[in-house]
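# Residue-level structural notes
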Amino acid sequence: FLFMKQQALLGVGFCGVERMKAEGAEVPKAMLLKWYAVSERVRTRNLMLNRRTHEVVAMLEESGFRCCVLKGQGNAAMYPNPGMRTSGDIDVWVDGTREEVMAFVKERLSEADMRFHHVEFPVFRDVPVELHFMPVSMNNPLYNRRMQRWFEERKDEQMRNRTELPEGAGKIPVPIWEFNIVYQLSHMMHHFFDEGIGLRQLMDYYYLLRTTDNRQRTTDNWQQTTDNRSMVDTLRHLNLYHFAGAVMWVLHEVMGLEECLFIVPADEWRGRLLLDEILKGGNFGQHSGLTRHGMGTKYFLKIKRNMRFVRAYPAEALCEPVFRTWHFFWRMWHKY
């Protein structure tokens, strides 16, 4: 229970407990009731998130903005039991310039906390909302330019693609499979160098790889097909190939992902490095200890932490402190 709590997987974990109990395992009654209560809160919050996500999309579209929901409830829809995924905030990629999106936000809020790639939009009391100018950014400027160009070239298709939310909450625009494969990998890599990621993000990717879209592509020789060679070329071009190999190893080792569903070969060395960080830090690194320190101490602790990754990911690790320093002054200059 404590491990699943640390990894933000209590809802999914309860599904496993129910299965164990059905197979005759002894589960302490007090623990079972406690876990059941938590899983019901997870389910109830997902129902609320579905409504709120649809409301944000409607609000943006009524104001003339096309948009696309990133991760979140779009990911939950891929789970066998969508209500058991622990939900976070609502991230929406908005088709508009930074100035246009900020004008939309300022019409509704007196203050706005803006970062390089998103602005916080606390329009609801019960769930955080972020409006993204870009899906995610990278530390290395060369690969960041490539990434933003790749996103921009595929923006129209993502904002047209819609999926039905559970419980009749409505339809929302979500990324297509090929885009999600790259975007969610880059999002995990970004957080790996920030403060860390947890198994919840890896489980999202596990179900993304097990969707019908991917299973239809998998044959015994899928790694030699044109579609997969194109995907591998894209991952190399965007400097995501080695991190993808680490993710494949963790998903295979921890969650039993079949090798036929790998997008690249598993990389055990980098995979063990990733798994070690996941187990130490928990969900988004919240248990790593970094969050307990002040800004100045955290700055140097992050540099020390990321220098451990230079051999595995030199381009991102070496650029991380430079990007973070630049971003600090960029935010000071762009106060809204």
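Cut-offs used in this document
Residues numbered from 1 in each chain as written. Predicted model: local features only at pLDDT ≥ 70, side-chain atom pairs only at ≥ 80, totals over all residues. Heavy atoms only, no water. Patch = residues over 30% accessible without salt bridge, like charges linked within 9 Å, V, L, I, M, F, W, Y side chains within 5 Å. Areas by Shrake-Rupley, 256 points an atom, 1.4 Å probe, with all protein chains shown as cover. Salt bridge = Lys/Arg side-chain N within 4 Å of Asp/Glu carboxyl O. Helix = DSSP H or I, 4+ residues; strand = E, 2+ residues; numbered from the N terminus. Core = buried A, V, L, I, M, F, W, Y, C linked by side-chain atoms within 4.5 Å. Buried < 20%, exposed > 50% of the residue type's maximum accessible area, 1.4 Å probe, protein only. Axes fitted to C-alpha atoms, helices over the stretch in contact; angles between N-to-C directions. Parallel < 35°, antiparallel > 145°, perpendicular 65-115°, else oblique. Left-handed = near helix turned anticlockwise from the far one by under 90°. Contact = heavy atoms within 4.5 Å. Nonpolar A, V, L, I, M, F, W, Y, C, P; charged D, E, K, R; others polar. Pairing = 2+ DSSP bridges.

### Side note on a nonpolar patch on the surface
A cluster of nonpolar residues, Phe328, Phe329 and Met332, forms a patch on the protein surface that exposes about 310 Å² of accessible area. Among the structural elements, Phe328 can be located in helix 15 (residues 314-333).

### Things to note about the nonpolar core
One finds Leu202, Tyr205, Leu235, Phe243, Val247, Met248 and Leu251 to be the most contacted residues of the largest nonpolar core, which totals 60 residues. In terms of nonpolar packing, the next biggest core, distinct from the first, is built from 34 residues, Phe121, Leu131, Met134 and Ala169 among them.

### So, the environment of Glu18
Residue position: Glu18 is located in helix 2 (residues 10-22). By relative accessible area, which is 44% here, Glu18 ends up partly exposed. Taking the C-alpha atoms as reference points, Glu18 and Arg146, 128 residues apart in sequence, are found 46 Å from one another.

### Notes on the pattern of salt bridges
In this structure the tally under the stated criterion is 24 salt bridges. A salt bridge links Arg272 to Glu268, with the shortest nitrogen-to-oxygen separation between them at 2.9 Å. Note that Arg272 and Glu268 are positioned in helix 13 (residues 268-281) at a spacing of 4 residues, about one turn of the helix. Arg272 gets classed as partly exposed once you look at its relative accessible area, which sits at 47%. The partly exposed category is assigned to Glu268, whose relative accessible area is 41%. Notably, a salt bridge pairs Arg305 with Glu277, separated by 3.3 Å at the nearest N-O pair. One end of the pair, Arg305, is in helix 14 (residues 295-306); the other, Glu277, is in helix 13, with 28 residues separating them in the sequence. On the basis of relative accessibility, which here comes to 10%, the residue Arg305 falls in the buried class.

### Quick look at the packing of helix 12 (residues 241-255) against helix 13
The N-to-C vectors of helix 12 and helix 13 enclose an angle of 70 degrees; their axes lie 7 Å apart at closest approach. By the angle between their axes, helix 12 is roughly perpendicular relative to helix 13. Our pair here, helix 12 against helix 13, has a crossing hand that is right-handed. Facing His242, Phe243, Ala246, Val247, Trp249, Val250 and Val254 of helix 12, the residues of helix 13 in contact are Glu268, Arg270, Gly271, Arg272, Leu274, Leu275 and Ile278. Taken together, the residues of the contact of helix 12 with helix 13 break down into 9 nonpolar, 2 polar and 3 charged.

### Section: the side chain of His132
Mapped onto the secondary structure, His132 falls in strand 4 (residues 129-132). With relative accessibility at 3%, the residue His132 sits in the buried group.

### Looking at the sheet that holds strand 2 (residues 90-94)
Sheet architecture is open: 4 strands sit in the order 1-2-4-3, paired in mixed fashion. Two strands in the sheet have a free side with no partner beyond their single neighbour: strand 1 (67-70) and strand 3 (118-120). Along the sheet, successive strands turn relative to each other by an average axial angle of 25 degrees, direction set aside. The pairing of strand 3 with strand 4 spans 3 bridges and is antiparallel. Each residue of the ladder has a partner; that of His118, found in strand 4, is His132. Along the sheet, helix 3 (residues 29-62) makes contact with strand 1, strand 2 and strand 4, crossing strand 2 at roughly 20 degrees.

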